[in-house]
Amino acid sequence: AGDKGYKWKNFGASDANNRMTEEETPKHLSKDTKFDIPPYLADTEATRRDMWKLYNNIGEMDSQVGAILQQLEEDGLLENTIIFFYGDHGGPLPREKRLIYDSGLNTPMIIRFPNKLKEGTRDEQLISFVDFAPTLLSLVDEKPKAYMQGQPFLGKHKAEERKYIHGAADRFDGFTDAIRAVRDNQYKYIRNYRPEQGYYLPIVYRERIPSMQELLKLRDEGKLNDIQMQWFRESKPEEELFDCKADPFELNNLADNPAYQEKLNELSAEMDRWLSDIGDNPNLKEGELISKLWAGENSKPITSNPVISYENEKVTVSCETQGASIGYKIINADGKTSKSWEIYQKPIAIPEGSKLNIQAHRLGFVPSKTIEFQ
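What counts and how
Residues numbered from 1 in each chain as written. Predicted model: local features only at pLDDT ≥ 70, side-chain atom pairs only at ≥ 80, totals over all residues. Heavy atoms only, no water. Salt bridge = Lys/Arg side-chain N within 4 Å of Asp/Glu carboxyl O. Helix = DSSP H or I, 4+ residues; strand = E, 2+ residues; numbered from the N terminus. Buried < 20%, exposed > 50% of the residue type's maximum accessible area, 1.4 Å probe, protein only. Phe/Tyr/Trp six-rings, centres within 6.5 Å; stacked < 30°, edge-to-face > 60°. Lys NZ or Arg CZ within 6 Å of the ring centre and 35° of its normal. Contact = heavy atoms within 4.5 Å. Pairing = 2+ DSSP bridges. Axes fitted to C-alpha atoms, helices over the stretch in contact; angles between N-to-C directions. Core = buried A, V, L, I, M, F, W, Y, C linked by side-chain atoms within 4.5 Å.

Colleague: Explain the pattern of salt bridges to me, using residue names and the numbers behind them.
Modeller: One pass over the full model with this rule turns up 23 salt bridges. Notably, a salt bridge pairs aspartate 102 with lysine 188, separated by 3.1 Å at the nearest N-O pair. Here aspartate 102 is found in helix α2 (residues 102–105), whereas its partner lysine 188 is found in strand β7 (residues 187–192), with 86 residues between them in sequence. For the salt bridge of arginine 273 with glutamate 270, the shortest nitrogen-to-oxygen distance reads 2.7 Å. Of this pair, arginine 273 and glutamate 270 both sit in helix α7 (residues 261–278), three residues apart, which is roughly one turn of that helix. Note on arginine 273: relative accessible area 39%, which makes it partly exposed. A residue is classified by how much of its surface remains accessible, and glutamate 270, at 10% relative accessible area, is buried. Where salt bridges share partners, they join Asp102, Arg183, Lys188 and Glu250 into one cluster.

Set out below in C-alpha cells:
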C-alpha cells in the first residue's frame, strides 16, 4: 500500500548522535513508560506493550545509524557524503501499513549534508517516493529523465514545490482493493473504487500482531467504541475528505459537508488529472492489467535458462534475460545442500565431487528452470 506516499523532511540532522560511546547507547525504555495511544487503537496492556517494543526498536535503530555515521567519519567520507535516512510506509501497528490514511503513508525522513549544511532545519514541502530518483540525479547536477514521474526537491534542477501529492493502494498480500488518494498541505481526498468492500481485510501477517489480536477480540465482544469500529465497517464511502490539521487521525469524513464541496471538487479534479497523466485505471481487471503490462501477452514472460560454462576450474554463469538475477546452491559430495540461494556475482569454484543447482529470475517474470551442473 502507499507506494506513492509523502514524507516530511528534517534537513541537516545534527551530529550530536554521530559518535556514541557504550555509555551513550540507548537503553531500553521502562515497561511502565506512558505512551499516547492513537484513538483508533484500544488502550490496553497488549497495545502499550507493542508501543513499548516499537520505541525500543527506534532506539536500537538510532544506535545502528550512529555506528554507520561514525564509520563514515573514521573512513574520511562523512563530509563528502549526503545521507538520506527514511522509513518504510506505515508501521507495525494496526491501521498503519497497507492503508492510505496518513498513518499508513506518512513516513520519517532525515537528510544530512556535509559540514552541517542546513543543520536543524525542517522543510514541510510535500514529497513522494517517486521524487527520490530525480532528486539524486539533480544533486549530482544531472537533469532527471523525462520518463520519471517524480520531480527533484533538491539540487541544481530543483522543481517548483508540489501543491499536491498522491497515494495508491491495491494489493495486500492475499487480498486486493482499489483506493486512490490526493493530499495538499491540509486536506486529504480518498476515492474508494470498491465501496461495497470493507476497509478491514483479514491479512495473516497483521493478525499475528498482539494489538491487532486485541482489537479483534474486543470487536467480537462488542467493546470497541465508534472510532475504533470505523475500520471494521462492512462497507466504505465512495469518497472521503479529511482536514488533516484539525483531524490528524482522519476520523471525521467531510465529504458530505456542503461547506467543503469546493475543496472536494478541487482534489477530485486533481486526482482525475493524475490518473490520466500516469495511465492508471483502478477499475482494470487483473487479467487485463497483466496483458497491458506485458504488451498484449496473457501471461508473465519466462526468464531465460542460465547459460553455464566451465573454465580454469571455475563455473561462469550468464542469462540472456536483461535484469535477471542468478542464484545457485552447492550440493556437497555427501548430498547436503545449502538452505538458501546464493546470488551469483563472479565465477564459482566448487569442491571436488560437488554439484550446483542454478536458477535465473527477473522480478515479475516466471523463474527459469533449475539447471544442475556437475
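So that's the structure; there's more coming.
Colleague: For the packing of aromatic side chains, give the residues involved together with the corresponding values.
Modeller: By the definition in use, this model includes twelve aromatic pairs. With 5.5 Å between their ring centres and 45° between their planes, tyrosine 101 and tyrosine 199 make a pair best called tilted. In this pair, tyrosine 101 sits in the loop between β2 (83–86) and α2 while tyrosine 199 sits in the loop between β7 and α4 (204–207), placing the two residues 98 residues apart along the sequence. In this structure tyrosine 199 comes out as buried when scored by relative accessible area, which is 5%. Taken together, a centroid distance of 5.7 Å and an interplanar angle of 35° make the contact between tryptophan 231 and phenylalanine 232 tilted. Look at phenylalanine 232 and you get buried, because its relative accessible area is 10%. Put simply, the rings of Tyr86, Phe129 and Phe132 touch in pairs and so form one group of aromatic residues. Here arginine 95 stacks its cationic end above the ring of tyrosine 40, 4.4 Å away from the centre of that ring.

Colleague: I'd like a rundown of the environment of isoleucine 358, residues and numbers included.
Modeller: One can find isoleucine 358 in strand β13 (residues 355–361). You can call isoleucine 358 buried: its relative accessible area is 0%. Spatially, the C-alpha atom of isoleucine 358 lies 7.1 Å from that of proline 306, the residues being 52 residues apart in sequence. Look past the residues within four positions of isoleucine 358 in its chain and what remains in contact with it is Pro306, Ile308, Val317, Ile326, Gly327, Tyr328, Trp341, Lys369, Thr370 and Ile371.

Colleague: Describe in detail the sheet that holds β7, supporting the description with residues and values.
Modeller: On the basis of which strands lie adjacent, the open sheet formed by four strands has the order β5-β6-β7-β8 and antiparallel pairing. In this open sheet, the two edge strands, each paired with only one partner strand, are β5 (165–172) and β8 (239–243). Sheet twist, expressed as the mean angle between neighbouring strand axes with direction ignored, is 15°. Relative to β8, β7 runs antiparallel, the two sharing five bridges. Following the sheet pairing, isoleucine 190 is matched in β8 by glutamate 240.

Colleague: Residue-level account of the nonpolar core, with values.
Modeller: Ile100, Ile190, Tyr199, Met212, Leu215, Trp231 and Phe232 are the most contacted members of the largest nonpolar core, which has 30 residues in total. Elements supplying a minimum of two residues to this core: α1 (45–74), β5, β6 (175–183) and α5 (210–220). By residue number, the principal contributor to this core is α5, which donates four residues. Aside from chain neighbours lying at most four places away, what touches tyrosine 199 is Leu99, Tyr101, Ile179, Ile190, Asn192, Trp231, Arg233, Lys236 and Glu240. Within the second largest apolar cluster, 15 residues are counted, among which are Ala178, Leu241, Leu254 and Leu267.

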